[in-house]
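Single-letter residue listing:
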Amino acid sequence: MVQSSVLGFPRQGVNRDLKKATEAYWGGKLSQKDLLAEGKRLRQEHWKIQKDAGVDVIPSNDFSYYDHVLDHIQLFGAIPERYSKYKLDPIDEFFAMGRGLQKPHSPDAAAVDVPALEMVKWFDSNYHYVKPTLQDGQEFKLAANPKPVVEFLEAKEAGIITRPVLVGPVSFLALGKADRGQNVVPISLLHKLLPIYEELLTKLKEAGAENVQIDEPCLVFDLPPKVKNAFKPAYDRLTSLGSKIPQLVVATYFGDIVHNQDVLPSMSSLYGLHIDVVRNPEQLDTVMGALGEKQVLSVGVVDGRNIWKTNFKRAIETVEHAVQKLGKDRVIVASSSSLLHTPHTLASEKKLDEEVRDWFSFAVEKTKELAIIAKAVTDGPASVREQLQANAKSMESRATSKRTNDPKVKERQSKITEEMFNRKSAFPTRIAQQQQKLKLPMFPTTTIGSFPQTKEIRVQRNKLTKGEITEKEYEEFIEKEIQDVVKIQDELDLDVYVHGEPERNDMVQYFGERLTGYEFTTHAWVQSYGSRCVRPPIIVGDISRPAPMTVKESKYAASISKKPMKGMLTGPITCLRWSYPRDDIHQSVQAQQLALALRDEVVDLESAGVYVIQVDEPALREGLPLRQGLERQNYLDWAVKSFRLSVAGVQDSTQIHSHFCYSEFQDFFHAIAALDADVLSIENSKSDAKLLKVFVDEAYPRHIGPGVYDIHSPRIPSEEEIKERIQEMLTYLSPDQLWVDPDCGLKTRQWKETKAALTNMVNAAKFYRQKY
Ligand code: GLN
Ligand code: ZN
């Protein structure tokens, strides 16, 4: 029979229960015991959901209190000494690596002060993983009670034999990096890491695991030869253990593996392979051709990255095609990737329009889809006739609905001219005019947009949603918040102010709610990093802007501040990438619709007296197709064009900023330069200042503010530390082009630490201002 399988289930629970528990634990309001109990409850609940849905292969060890790669860092004892030296409780050491830890000296423990490990985007998703950070002479050691074994046994006790999920050894290393000041090439550590996998897999087998899902998603990349050549010895060695270890299913997702298929024969001793045929359906035949004689293929036909109902007809055809070649026992119907990237359940959505609801499917619903598809193929379509008919009806309804198609938007798109992509003058002319208007000092200081989203802000927003206060009362509250942050920025003596974004729940959702073509959910949260969850809006139809979206707040803020106020917008690519996009028209078309809407907003802001406008595009890089080549070039072309289309309507004297939450631009620097933004603010405090070298090498002429401190952590950077950081930056950037700002927005921080950190930052900037 054809089995159904889930590669991973969302961890947060139906009401972001895990977020609430971990945050309560961090805040000292929940005991460790209660946190662990909550974790256990969630795991049990999620296994049961899948079991009740009829899923055959249910994952374990997909759960994590923070991030699954971080779990592996701890599991393998790859813990840098700066954490291990404190001899913290394992879970506290785990969180210290994930989010940093700063704790004063107490009667029973020494003070702790350690920043977080680097966290980066997981492939092209909006999930972040903690980067394995490795030392010269790195040794590994399996943790005493290996989490995968513990959780396998926990499920077993609950009557469910799961398939534990591990990050594979090659990907674990390939996704890692050498620690600061270290030279180790991660993949060269493979021979030291493999014995740990052997030990772990043996323990899993002893515990009763028959199969293990071993994720090697880096197979979708263009791999350096060293990494590519590492697969054969790694998997030869593991599979040589025969029945001492479980059968291994190597899982890949978010891309095709055809360009790496020469690696596959070397993996023919594996039990099975998983591929993503939602993203790359065309790889199916090639991969089937490269399979070993008995190997099983797990076919990912249910989208783990989007919320659209699966088209059963199409999915069944795909699976049947595989069955024809391989037979029913060698095919598994699976989610394309872990369902981590989808919200928990559609059942929580009480406010969705019925027409639209019928087009969606979240994690819980997707588990049911998997079971239905497997049954349709195993027992024939008649066995699930009703479900197939209902599904066909939903597909038809979406394709023909008026909601998906707005002729006015299409007409405007057809009238876009070449000029609309270009500013009036080149940068030298613009910056001279901007300087005249804005009169900024050297090393201007600014922040990235948001200030702490306090409890009070959330309370008031909730009250508005529930109708407990009027629009007017809410507006007054927001104005008061803006007054407060303007006053604080006066006190801090920053140079370019922001209004603090108190009215925004989320940088994409806020815009989505003001645009036509979007739909929203009330509970559809997905994990972005650690305990942070986002609720991406859904692009359902053609997009347009019925009215200004941010002008009122920015105009007010500008009117009460004595320094330039920066307007704050989310760029077209980020709006697209951090929403669930449509899967019925190309993403470039959706980006262009967004750009036109934002263009109107930018021009309206300028008319309202806002002469510095930041259009955030942190998602630009994560949208990069994972491989080099034509596909990537095409993406960058339309992505850059949509940014330019959104900002180019302004006068030369209006300063356009853009912001990115990273500083690895080497691969696509020409695109960053082509944005033609007057000022870029970028992450840099957690990465190497060396990354700024590309700006020198390419003679980048415009202004840059590489973040001088990490905002993901509550830790307060000292003035000295920031000065050192700026000094390092000055080895690459000229003093005339350098801005001083934090890595990103401050919404997740508390006021106390924010003020302290910014005070140090402004003092550091002033120090250099005097020096030059
Ligand atoms: N302007 C946004 C903020 O400050 C930027 C956030 C981001 O880049 N992720 O919150
Ligand atoms: Zn950012």
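Residues numbered from 1 in each chain as written. Chains lettered and ligands numbered in written order. Predicted model: local features only at pLDDT ≥ 70, side-chain atom pairs only at ≥ 80, totals over all residues. Heavy atoms only, no water.

Q: Just to check I follow, could you spell out the overall build of the protein chain for this structure?
A: The helix and strand tally for the protein chain stands at 28 helices and 24 strands. In terms of overall size, the protein chain behaves like a compact globule, its C-alpha atoms giving a radius of gyration of 26 Å where 772 residues would be expected to give roughly 28 Å. Judged by the C-alpha coordinates and their principal axes, the protein chain covers about 75 × 65 × 50 Å. Counting only residues that meet the buried cut, the protein chain has 62% of its 772 residues in that class. Counting only contacts in the protein chain whose residues sit at least 6 apart along the sequence, the fraction spanning at least 24 positions is 79%. A total of about 29800 Å² of accessible surface is found on the protein chain, and carbon and sulfur atoms cover 52% of it. Of the charged side chains in the protein chain, 101 are positive and 106 negative, and the gap between their average positions amounts to 1 Å. (Helix = DSSP H or I, 4+ residues; strand = E, 2+ residues; numbered from the N terminus. Rg over C-alpha atoms; globule rule 2.2 N^0.38 Å. Buried < 20%, exposed > 50% of the residue type's maximum accessible area, 1.4 Å probe, protein only. Contact = heavy atoms within 4.5 Å. Areas by Shrake-Rupley, 256 points an atom, 1.4 Å probe, with all protein chains shown as cover. Lys, Arg positive; Asp, Glu negative; His and termini not counted. Charge placed at Lys NZ, Arg CZ, Asp CG, Glu CD.)

Q: How should I be thinking about the environment of T446 in this particular structure?
A: Checked against the element boundaries, T446 lands in the loop between α17 (427–438) and α18 (455–465). For T446, a relative accessible area of 2% puts it in the buried group. Spatially, the C-alpha atoms of T446 and L494 are 6.0 Å apart, while their sequence positions differ by 48 residues. In this structure, T446 is in contact with L494, V496, K566, W739, V740, D741, P742 and M761, ignoring residues within four places of it in sequence. Here V496 takes part through its backbone oxygen, which lies 2.9 Å from a polar atom of the side chain of T446. Polar side-chain contacts of T446 include one of 3.1 Å to the side chain of K566. (Polar contact = N/O pair within 3.5 Å; in protein donor to acceptor, adjacent residues only side chain to side chain.)

Q: What's the story with the side chain of R545 in this structure? I'm lost.
A: One can find R545 in the loop between β19 (538–544) and α21 (551–560). For R545, a relative accessible area of 18% translates into the label buried. A distance of 2.6 Å separates the side chain of R545 from the side chain of E601, its partner in a polar contact. One polar contact links R545 to D604, side chain to side chain, over a distance of 2.7 Å. Setting aside residues no more than four positions away along its own chain, R545 makes contact with L515, A597, D600, E601 and D604.

Q: For this particular structure, what's the right way to read the coordination of the zinc ion (ligand 2)?
A: Geometry sets the ideal angles at a metal, namely 109.5 degrees for four tetrahedral donors and 90 or 180 degrees for six octahedral donors. Every protein donor of the zinc ion (ligand 2) is listed here as H659 (NE2), C661 (SG) and C744 (SG), and their distances to the metal cover 2.0 to 2.2 Å. One can describe the donor arrangement at the zinc ion (ligand 2) as tetrahedral, given that its four donor atoms subtend angles of 86 to 123° at the metal. Mapped onto the sequence, the donors of the zinc ion (ligand 2) take the spacing H-x1-C-x82-C. In this pair, H659 sits in strand β22 (residues 655–660) while C744 sits in the loop between α27 (719–730) and α28 (751–771), placing the two residues 85 residues apart along the sequence. Here C744 falls in the buried class, since its relative accessible area comes to 17%. (Donors = N, O, S within 2.8 Å, 3.2 Å for Na, K, Ca; no water. Tetrahedral: all angles 85-135°; square planar, octahedral: opposite > 155°, others 65-115°.)

Q: What should I look at first to understand the packing of aromatic side chains in this one?
A: One pass over the full model with this rule turns up 31 aromatic pairs. For the ring pair F665 and F668, a centre distance of 6.0 Å and an interplane angle of 65° mean the geometry is edge-to-face. Relative accessible area serves as the criterion here: at 1%, F668 is assigned to the buried category. Within the aromatic cluster, the residues linked to one another by ring pairs are F660, Y662, F665, F668, F669, F695 and Y700. (Phe/Tyr/Trp six-rings, centres within 6.5 Å; stacked < 30°, edge-to-face > 60°.)

Q: How should I be thinking about the packing of helix α2 (residues 32–53) against helix α5 (residues 90–99) in this particular structure?
A: Relative placement of two packed helices is described by the angle separating their axes and the distance separating the axes. Where α2 contacts α5, the two axes come as close as 11 Å, and the packing angle between them is 75°. In terms of orientation, α2 and α5 fall into the roughly perpendicular class. Across the interface between the two elements, Q32, L35 and L36 of α2 pack against I91, D92 and F95 of α5. Classifying every residue of the contact of α2 with α5 gives four nonpolar, one polar and one charged. (Axes fitted to C-alpha atoms, helices over the stretch in contact; angles between N-to-C directions. Parallel < 35°, antiparallel > 145°, perpendicular 65-115°, else oblique. Nonpolar A, V, L, I, M, F, W, Y, C, P; charged D, E, K, R; others polar.)

Q: Mind showing me how you'd approach the pairing of strand β10 (residues 211–215) here?
A: The side chains of a regular strand alternate between both faces of the sheet. Counting buried positions over the five residues of β10 gives five, a clear majority of the element. On β10, burial covers both faces: N211, Q213 and D215 on one face and V212 and I214 on the other are all buried. Pairing geometry for strand β8 (residues 163–167) and β10, over three bridges, is parallel. Along β10, the bridge assignment pairs L166 with I214. (Pairing = 2+ DSSP bridges.)

Q: Is there a simple way to explain the sheet that holds β8 in this structure?
A: Sheets are built from strands paired through backbone hydrogen bonds, the pairs being either parallel or antiparallel. The eight strands lie next to each other as β1-β14-β13-β12-β11-β10-β8-β2, forming an open sheet whose pairing is parallel. The open sheet has two free edges, formed respectively by β1 (3–5) and β2 (59–60), since each of these has just one partner strand. Direction of pairing for β1 relative to strand β14 (residues 331–335): parallel, over a ladder of three bridges. Considered in β14, the bridge of S4 is made with V333.

Q: In this structure, what is going on with the nonpolar core? I would like to understand it.
A: Among soluble globular proteins, nonpolar side chains are generally buried collectively. Membership of the largest hydrophobic core comes to 127 residues, with the highest contact counts inside it found for Y235 and L297. A total of nine residues in this core trace back to one element, the largest contributor, which is helix α8 (residues 190–207). Not counting residues up to four positions away in its chain, the partners in contact with L297 are L273, I275, L284, V287, M288, L291, L326, R330, V331 and I332. Of all hydrophobic cores here, the second largest spans 87 residues; its members include F451, Y518, M565 and V762. (Core = buried A, V, L, I, M, F, W, Y, C linked by side-chain atoms within 4.5 Å.)

Q: What is the right way to look at the site of ligand 1 in this model?
A: Taken together, 14 residues sit near ligand 1, with S450, E501, D616, H659 and K747 positioned nearest. At 2.7 Å, a side-chain N or O of D616 approaches a nitrogen atom of ligand 1. Taking H659, its side chain carries an N or O atom lying 3.1 Å from an oxygen atom of ligand 1. Alone, ligand 1 offers 290 Å² of accessible surface; in the complex the protein occludes 95% of this. One can see that ligand 1 is located within the largest cavity. Residue composition of the shell around ligand 1, grouped by class: seven nonpolar, four polar and three charged. (Near = heavy atom within 4 Å. 1 Å grid on protein atoms, 1.4 Å probe; cavity = no way out; pocket = protein on both sides within 12 Å on 5 of 7 lines; lining within 4 Å. Sits in = over half its atoms within 2 Å of the grid points.)

Q: Looking at this model, I keep getting lost on the pattern of salt bridges. Mind explaining?
A: Opposite charge on two side chains allows them to pair when their charged atoms are near. In this structure the tally under the stated criterion is 63 salt bridges. One salt bridge connects E23 with K19, and the closest N-O pair in it is separated by 3.1 Å. Taken as a pair, E23 and K19 lie in helix α1 (residues 17–26) at a separation of four residues, close to a single helical turn. For E23, a relative accessible area of 33% corresponds to the partly exposed category. Look at K19 and you get buried, because its relative accessible area is 16%. (Salt bridge = Lys/Arg side-chain N within 4 Å of Asp/Glu carboxyl O.)

The quantities given are spatial measurements derived from coordinates; they are silent on function.
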